[in-house]
Every structure is written in structure tokens, then in C-alpha cells.
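Here are the chains, one letter per residue:
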Amino acid sequence: MFTEHPTLLNAAWDWGNGDFETALGAAGHVGNKEIANYLISFGARTDIFVLTMLGETDIVKPCSKHTLLFCSQKVLMDLHYSTTRKKEEKMRKNF
């Protein structure tokens, strides 16, 4: 579905009063790691809340120590993907 309609991946629903939620945000709210990782594998934009739910504390802790103003979404995404790539490379070496 995401290959046919890639804009759905980061589409957000407005629950009202500026409360927007993406599919990844919804997965994060209910703690569904399987769906969150599935969406991320297609390139869904992560945020500090989803990264926390996924246990990516190495990414989140530095941001919590300093103002979040300096931890842009792109920085968090880059850190997450570099961490994910390192884990994948380590798994490949073990097989």
C-alpha cells in the first residue's frame, strides 16, 4: 500500500484542537512495537515519543538532557537509522 500511496505513510489525522496523529504516533500510543517498526521500515518519520517506546534510550537521553529545540526530527531520524543499520550489520555478521 505504501509503495502505491507513499504519502499515506506520514499522513496525519486531526483529532481537533491541533491534535494531529500519524499511524506511527498511534502505534506509539498503544505500545505496538511491531507496527511501529513496520512503518519505520517504510520511512515513517519518528519522534521522541516513538523512539522512547521502542527503547532507543541512546537517542532520547541526550535530547532530554538539553533543550529539545536542538534535537530536530531529522537529527533523531538520522540517529535512529544509524543505530538500526548498526544492529542489522551486527546481525548479518552473526549469521
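Everything that follows concerns the structure shown earlier in this document.
Here is what the cut-offs are and how they apply
- Residues numbered from 1 in each chain as written.
- Predicted model: local features only at pLDDT ≥ 70, side-chain atom pairs only at ≥ 80, totals over all residues.
- Heavy atoms only, no water.
- Helix = DSSP H or I, 4+ residues; strand = E, 2+ residues; numbered from the N terminus.
- Contact = heavy atoms within 4.5 Å.
- Areas by Shrake-Rupley, 256 points an atom, 1.4 Å probe, with all protein chains shown as cover.
- Buried < 20%, exposed > 50% of the residue type's maximum accessible area, 1.4 Å probe, protein only.
- Arc of directions from axis to C-beta.
- Axes fitted to C-alpha atoms, helices over the stretch in contact; angles between N-to-C directions.
- Parallel < 35°, antiparallel > 145°, perpendicular 65-115°, else oblique.
- Left-handed = near helix turned anticlockwise from the far one by under 90°.
- Core = buried A, V, L, I, M, F, W, Y, C linked by side-chain atoms within 4.5 Å.

### Considering the overall build of the protein
Part 1: The secondary structure content of the protein amounts to 5 helices and 2 strands.
Part 2: Each helix and strand of the protein, ordered N terminal to C terminal, gives the series β-β-α-α-α-α-α.
Part 3: The long-range share in the protein, meaning contacts at least 24 apart out of those at least 6 apart in sequence, stands at 40%.
Part 4: Accessible surface, the protein as shown: approximately 7100 Å² in total, 60% of it carbon and sulfur.

### Considerations on helix α1 (residues 23–30)
Part 1: Within α1, the full set of buried residues consists of Leu24, Gly25, Ala27 and Gly28. The buried side chains of α1 occupy one side of the element, clustering within an arc of 160 degrees when seen end-on. Opposite its buried face, α1 presents the exposed residues His29 and Val30, each directed more than 90 degrees away.
Part 2: Check the buried side of α1 and you find it contacts β2 (20–22), α2 (33–41) and α3 (48–53).
Part 3: Taken from the residues just after α1, glycine 31 is the one with a positive phi, measuring 75 degrees.

### Section: the packing of α1 against α2
Part 1: With their axes 8 Å apart at the nearest point, α1 and α2 run at an angle of 155 degrees to one another. By the angle between their directions, the pair α1 and α2 is classed as roughly antiparallel. Considering how the two elements wind past one another, α1 and α2 form a crossing that is left-handed. Across the interface between the two elements, Ala23, Leu24 and Ala27 from α1 touch Ile35, Ala36, Leu39 and Ile40 from α2.

### Looking at the nonpolar core
Part 1: Within the largest apolar cluster, 11 residues are counted, these being Phe2, Leu9, Leu24, Ala27, Ala36, Leu39, Ile40, Ala44, Val50, Met53 and Leu54.
Part 2: Counting residues per element, the ones that place at least two in this core are α1, α2 and α3.
Part 3: Tallying contributions element by element places α2 first for this core, with 3 residues.

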